[in-house]
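Below are the chains, spelled out letter by letter.
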Amino acid sequence: MTANIQVFESVVAFSLVVVSCMIMKRKSIVKEEDATLCARLLTQAALPAFIFFQLSTHPVSSRQFLMVLAMIVTGLLSMSAAWLAGRSLRLDRPKIGALMLTSSFGSTALIGYPLIQFSFPNNPTALTDAILLSELGVGLPIFILGPAVAMHFGEDFEKNIGNRRNVLLEYFRSPIFFATVLGLLIAPFQLPVNSWLLAPIYEALSVIGDSVAVLACLILGLQLKTKSLKGIWTLFLVSALIQMIFQPWVAHTQANLYHLSVEQGQVLTLVSSLPAAVLGSVFATHYKCASDTTSALIMMHLLLAIVAVPLTFAVLNTT
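Definitions and cut-offs
Residues numbered from 1 in each chain as written. Predicted model: local features only at pLDDT ≥ 70, side-chain atom pairs only at ≥ 80, totals over all residues. Heavy atoms only, no water. Helix = DSSP H or I, 4+ residues; strand = E, 2+ residues; numbered from the N terminus. Buried < 20%, exposed > 50% of the residue type's maximum accessible area, 1.4 Å probe, protein only. Contact = heavy atoms within 4.5 Å. Areas by Shrake-Rupley, 256 points an atom, 1.4 Å probe, with all protein chains shown as cover. 1 Å grid on protein atoms, 1.4 Å probe; cavity = no way out; pocket = protein on both sides within 12 Å on 5 of 7 lines; lining within 4 Å. Points joined across faces, edges and corners; volume = space filled by probe spheres on them. Nonpolar A, V, L, I, M, F, W, Y, C, P; charged D, E, K, R; others polar. Expected span 1.5 Å × (residues − 1). Arc of directions from axis to C-beta. Polar contact = N/O pair within 3.5 Å; in protein donor to acceptor, adjacent residues only side chain to side chain. pLDDT = per-residue confidence, 0-100. Axes fitted to C-alpha atoms, helices over the stretch in contact; angles between N-to-C directions. Parallel < 35°, antiparallel > 145°, perpendicular 65-115°, else oblique. Left-handed = near helix turned anticlockwise from the far one by under 90°.

A separate point is the overall build of the protein. Counting its secondary structure elements, the protein contains 15 helices and zero strands. Taking all 319 residues of the protein together, the buried fraction comes to 52%. In the protein, the proportion of contacts linking residues at least 24 apart, taken out of those at least 6 apart, comes to 88%. Working note: accessible area of the protein is about 15,000 Å², and carbon and sulfur atoms make up 67% of it.

Have a look at this one:
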């Protein structure tokens, strides 16, 4: 019950900060174009510092890699379900792609990390679990499958065949990927982080990493805007059912199957219930895969998450 209350309070708190950012945008304190700078700060500095700090100070167990496996399987099954739903609804190719992009892997970087921080306060193990799920169970698959889906179902399929490798190389060269690898490699050595030499460095990493929640809220507040929702309510219903109900149910089932701890099951369920990743809109725009539909669905997911995430978490963790 305590975890359920904490998740609910965390979602509400996160939403209030996002709304505050939207109000600041309306008053021109911040501008929509500032989202680009905030996104660079998040991906190039705050997230790498946060990830390296957590992974390098907390060795990973084999049980945590079972969580990653469960997350990958969950995403693949959800993407397959979206494809089947799109075919059943006789959607055109770009809209099937949009449905798949918004019904598989969630927004772990923007929403997942802050939500885990708030829901499991002063719990570094839960944060480590969330990072592994995010970077290996969500980040890597979405950078592989996201562009592939957008290319295959996009309007310029023939022209886009050679671009997937470039997207993958960009991910493998990113600070987030290097922070993940270095953190995993250093953790077994259990460095004396409280020593006079390393303490200032790790304190600086901690300070930078603490900005993740604020930057994430600011980005979402700047990106959320009213768009035409005409004609996509059916798609929204299908994608929301897959993303926020079917997906966490699959993850929760696997947690029981793999005999994960209660806390690991809670983290897995919470991460798998997150709304659609904002990256889906980026891929859809780049490869002309119903980008307007994708962006509108993501916006609606974010609004629905205020109610859906804590409700799904509460239901699954009482069974």
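In this section: empty space enclosed by the protein. Taken as a whole and assessed by the stated rule, the structure comprises one cavity of 30 Å³ or more. Reported here for the largest cavity is a volume of approximately 50 Å³. Mapped onto the lining of the largest cavity, the elements with two or more residues apiece are α6 (124–153) and α14 (279–286). In terms of residues, the lining of the largest cavity owes the most to one element, α6, which gives three residues. Each residue belonging to the lining of the largest cavity can be placed in one class, and the counts come to six nonpolar, three polar and no charged.

For helix α9 (residues 175–186), spanning twelve residues, the distance from its first C-alpha to its last is 16 Å, which sits close to the expected 16 Å at 1.5 Å a residue. The set of residues buried in α9 consists of Ile 176, Ala 179, Thr 180 and Gly 183. The arc that holds the buried residues of α9, viewed along the axis, is 100 degrees, so those residues lie on one side. On its buried side, α9 packs onto α2 (34–57) and α6.

Before going further, it helps to spend a moment on the side chain of Ser 273. Here Ser 273 lies in the loop between α13 (262–272) and α14. Engagement of the side chain of Ser 273 in a polar contact is seen with the backbone oxygen of Leu 270, the distance being 2.8 Å. Filtering out sequence-adjacent residues up to four positions away, Ser 273 remains in contact with Gln 243, Met 244, Pro 248, Val 309 and Thr 312.

With that out of the way, let us pick up helix α4 (residues 93–101). Across the nine residues that make up α4, a large majority, seven, are buried. Those residues of α4 that sit buried are Pro 94, Ile 96, Gly 97, Ala 98, Leu 99, Met 100 and Leu 101. By the N-cap criterion, in which a side-chain oxygen at the helix start approaches the backbone nitrogen of a residue two or three places on, α4 is capped by Asp 92, the distance to Lys 95 being 3.0 Å.

As for its position among the elements, Met 71 is in helix α3 (residues 62–88). For the pair Met 71 and Leu 133, spaced 62 residues apart in sequence, the C-alpha separation works out to 6.7 Å. Ignoring anything within four residues of it in the chain, the contact list for Met 71 reads Phe 105, Leu 133, Gly 137, Val 138, Gln 247, Leu 268, Val 271 and Ser 272.

When pLDDT is averaged along the protein, the result is 82; 88% of the residues meet or exceed 70. When the elements of the protein are averaged for pLDDT, helix α7 (residues 157–160) gives the smallest value, 55, and helix α12 (residues 233–257) the largest, 93.

Okay, unusual backbone geometry next. Despite not being glycine, Ser 28 shows a phi value in the positive range, around 65 degrees. Residue class for Ser 28 comes out exposed when judged on its relative accessible area of 53%. Of note, the phi angle at Gln 190 is positive, near 45 degrees, even though the residue is not glycine. Secondary-structure assignment places Gln 190 in the loop between α9 and α10 (199–209).

Our next topic: the packing of α6 against α13. Two quantities define a packed helix pair, namely the angle between the helix axes and the distance between the axes. Between α6 and α13, whose axes approach to 10 Å, the crossing angle comes to 45 degrees. By the criterion of interaxial angle, the relationship of α6 to α13 is oblique. In this structure, the crossing between α6 and α13 has a hand that is right-handed. Only Glu 263, Gln 264, Val 267, Leu 268 and Val 271 of α13 make contact with α6, whose side of the interface consists of Thr 125, Ala 126, Asp 129, Ala 130 and Leu 133. By residue class, the composition of the contact of α6 with α13 is six nonpolar, two polar and two charged.

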